[in-house]
Amino acid sequence: MENCRVRFAPSPTGALHIGGVRTALYNYLLAKKLGGTFILRIEDTDQTRYVPGAEDYILEALSWLDIRLDEGPGVGGDYGPYRQSERESMYKEYAIKLVENGHAYYAFDTPEELDERRNAEKAKGNHNFKYDHSVRKEMRNSLTIDADEVKRMLEYGTPYTIRLMVPTDETVAFNDIIRSDVKFSSNELDDKVMLKADGMPTYHLANVVDDYLMKITHVIRGEEWLPSTAHHVLLYKFLGWEDAMPQFAHLPLILKPTGNGKLSKRDGAKLGIPVFPLSWDSEKEEDSFKGFREFGFLPEAVLNFLAFLGWNPGTEEEFFRLDDLIQAFDLNKVSKGGARFDFDKAKWFNQQYIINSDTNTLLGLVRPLADAKQIDCTDEYLSKCIDLMKERVQFLPDFLEVGYYLFEKVRNYEEKPIRKKWKPEQRPMFEELLEDLLSLENFESASIETSIKTFMAKYELGFGNVLPFLRIGMAGTMKGPGVFEMMELLGKDEVKERMTTAYTAFDGIKAG
Ligand code: GLU
């Protein structure tokens, strides 16, 4: 399609949840696939929910993931401004137009009166009071108050809201790319406020007006907005914009890793997993979160993982970088059913992306972490550590944590293999091995290996009777990287010191 224009329209009310990032991603993918335009629109008309820093967070998260804006705050474009608070003056005329066309009305009920009514309904057992077709004739509005009086009230400055007059006994139907035909009975829909008493539009009015003015062709958003769409469809009709109505696509919910229900920000804290792209610091501990980035995820892995939360290409292929996703993405392949947030899968993706990243890229990411930990080593050394550890880490900080022994002395030794296999009477033999190694001219993994093999042949020992001691002596664990490579990296002096200390420690473990 030519001129595909999509928007990501978050409200800056706090850290952007990972579900919001997925919405942004799907919008972006569709735009790029169709050669269209990806727009960021900040929906900040509700100033009571505005949180400072939230807009910057959104921008930083998108930029970390390389989701680039074609139009938006800071970038500009022909349809700006892109912050609704800066478009404030544009909305009222449309609300008035609705009233003039007989599709909306002035409502003068005060918040106190509405509360009173709500409470009275509650007392009668109705806990879900709705201002709708069934009650609008009982309320204080321009449908019940005489026209002259309404005029006087408006001139006098009586506070009012403008409410949409939802028709009675109609079916509001629309097509959703993911859910096909969606229908609502108009009688279920309330007379939503379009313009608030402070003159600001509600989400519904501002959203539809902006989608129209910004020439949006596809509205891709979370499933929770499906019921609102019925109101939006009515708005397109009542404003005479039916021909410009965008196509809708409502994305499936993201479900908790286990059990029922939607993934919430509290799940992250509870399960110790990230549910936000970046960390978010708040004065309140319970409102601070650690992000995917700070966990040590690569942005490519997060993109790949997120793309698969509700979509798959219909093939076995699992690895998709951003450009591949653009090629393969298809809104018709997005599922209706909720997508489970499988954190193990996210980790697996990250591991694969780390393995497939080149050393220099990883160096660029690990260096700042090493500096923050005041690890003193050259880039050359760090690059070699990265090469050795690449297949053994899940997150970026693991290079320094799992592989800590490449930067400092072994903190403790895995004892089981020592207790099982170490024979103190063989210590002179192992000291001889160390002498052999230290006498090597070229302290490189190949010559180290040859020397060890010669030693094994001489004493008729198998790998299992030699390598575990060297491995544990060097790294404290059996799980470390290849022992010959590790020795080469650590260098003669360090190997000498580590093995001497280890032999004594092994004797101790055996004795104790
Ligand atoms: N401002 C809404 C939100 O916070 C936008 C929903 C939509 O895309 O229409 O998600």
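See the structure above.
1. Let's talk about the site of the ligand
Looking at the ligand, the residues that line it are R7, A9, S11, E43, Y203, N207, R221 and W225. In this structure, an oxygen atom belonging to the ligand sits 3.0 Å away from a side-chain N or O atom of N207. Contact distances for the ligand include 2.8 Å between an oxygen atom and a side-chain N or O atom of R221. Within the complex, the protein chains bury 84% of what would otherwise be the 290 Å² of accessible surface of the ligand. Mapping the ligand onto the cavity grids shows that it belongs to the largest pocket. When its residues are assigned to classes, the shell around the ligand shows three nonpolar, two polar and three charged.

2. Thoughts on the packing of aromatic side chains
Counted under the stated rule, the structure contains 43 aromatic pairs. Here Y106 and F108 contribute two aromatic rings whose centre-to-centre distance is 6.5 Å and whose plane-to-plane angle is 25°, an arrangement assigned as stacked. The exposure classification of Y106 matches that of F108, with both residues buried. An angle of 15° between the planes, with centres 5.7 Å apart, marks the rings of W422 and Y503 as stacked. Residue W422 is found in the loop between α16 (416–421) and α17 (427–438), and its partner Y503 is found in helix α21 (residues 492–511); the two are separated by 81 residues along the sequence.

3. Focus on helix α7 (residues 226–238)
With 13 residues, α7 extends 19 Å between its outermost C-alpha atoms, agreeing within 8% with the 18 Å of an ideal straight helix rising 1.5 Å per residue. Burial runs high along α7: 11 of the 13 residues are buried. For α7, the set of buried residues is L226, S228, T229, A230, H231, H232, V233, L234, L235, Y236 and F238. Just downstream of α7 lies G240, where phi reads positive at about 75°.

4. A short note on the pattern of salt bridges
Proximity of charged atoms lets side chains of opposite charge pair with each other. Tallied over the entire structure, the rule returns 41 salt bridges. The salt bridge partner of R5 is E71, with a shortest N-O separation of 2.9 Å. Of this pair, R5 sits in strand β1 (residues 5–8) while E71 sits in the loop between α2 (54–64) and α3 (92–100); the two residues are 66 residues apart in sequence, bridging distant segments of the chain. With respect to burial, R5 and E71 carry one shared label: buried. With a closest N to O distance of 3.6 Å, K347 and D344 form a salt bridge. Here the residue K347 and the residue D344 both occupy positions in helix α12 (residues 343–355), the gap between them amounting to three residues, near one helical turn. With relative accessibility at 53%, the residue D344 sits in the exposed group. One salt-bridge network, held together by shared partners, links R7, R41, E43, R87, D210 and D211.

5. Here we look at the layout of surface pockets
Gaps between atoms show up when a probe of the same size as a water molecule is rolled over them. Reported here for the largest pocket is a volume of approximately 1300 Å³. Taken together, 48 residues line the largest pocket, and the ones lying closest to its centre are S11, T13, R49, E224 and W225. When contributions to the lining of the largest pocket are tallied by element, the ones reaching two or more residues are β1, α1 (18–33), α6 (203–213) and β8 (218–222). With five residues, the top contributor of residues to the lining of the largest pocket is α1. Grouping the amino acids of the lining of the largest pocket by side-chain chemistry returns 20 nonpolar, 15 polar and 13 charged. The computed volume of the second largest pocket comes to approximately 430 Å³. The wall of the second largest pocket is formed by 24 residues, among which D109, L114, T161, R163 and V193 lie closest to the centre. Of all the secondary-structure elements, those providing two or more residues to the lining of the second largest pocket are α4 (111–123) and β4 (161–164). If one sorts the elements of the lining of the second largest pocket by residue count, α4 sits on top with four residues. Among the residues forming the lining of the second largest pocket, the class breakdown is 10 nonpolar, five polar and nine charged.

6. Quick notes on the packing of α1 against helix α10 (residues 299–307)
At a minimum axis distance of 10 Å, the contact between α1 and α10 shows a crossing angle of 85°. It follows that α1 is roughly perpendicular to α10 by the angle criterion. Residues I18, V21, R22, L25 and Y26 of α1 lie in contact with α10, whose contacting residues are L303, L306 and A307. Taken together, the residues of the contact of α1 with α10 break down into seven nonpolar, no polar and one charged.

7. Side note on the packing of α17 against helix α18 (residues 445–459)
The packing of two helices is summarised by the inter-axis angle and the distance between the axes. One can describe the packing of α17 onto α18 by two numbers: an axis separation of 10 Å at closest approach and a directional angle of 150°. Comparing the axis directions of α17 and α18 gives the class roughly antiparallel. Note on packing geometry: the crossing formed by α17 with α18 is right-handed. Contacts from M429, E432, L433, D436 and L437 of α17 reach α18 at I448, S451, I452, F455, K458 and Y459. Its residues placed into classes, the contact of α17 with α18 shows seven nonpolar, one polar and three charged.

Scoring rules and cut-offs
Residues numbered from 1 in each chain as written. Predicted model: local features only at pLDDT ≥ 70, side-chain atom pairs only at ≥ 80, totals over all residues. Heavy atoms only, no water. Near = heavy atom within 4 Å. Polar contact = N/O pair within 3.5 Å; in protein donor to acceptor, adjacent residues only side chain to side chain. Areas by Shrake-Rupley, 256 points an atom, 1.4 Å probe, with all protein chains shown as cover. 1 Å grid on protein atoms, 1.4 Å probe; cavity = no way out; pocket = protein on both sides within 12 Å on 5 of 7 lines; lining within 4 Å. Sits in = over half its atoms within 2 Å of the grid points. Nonpolar A, V, L, I, M, F, W, Y, C, P; charged D, E, K, R; others polar. Phe/Tyr/Trp six-rings, centres within 6.5 Å; stacked < 30°, edge-to-face > 60°. Buried < 20%, exposed > 50% of the residue type's maximum accessible area, 1.4 Å probe, protein only. Helix = DSSP H or I, 4+ residues; strand = E, 2+ residues; numbered from the N terminus. Expected span 1.5 Å × (residues − 1). Salt bridge = Lys/Arg side-chain N within 4 Å of Asp/Glu carboxyl O. Points joined across faces, edges and corners; volume = space filled by probe spheres on them. Axes fitted to C-alpha atoms, helices over the stretch in contact; angles between N-to-C directions. Parallel < 35°, antiparallel > 145°, perpendicular 65-115°, else oblique. Contact = heavy atoms within 4.5 Å. Left-handed = near helix turned anticlockwise from the far one by under 90°.

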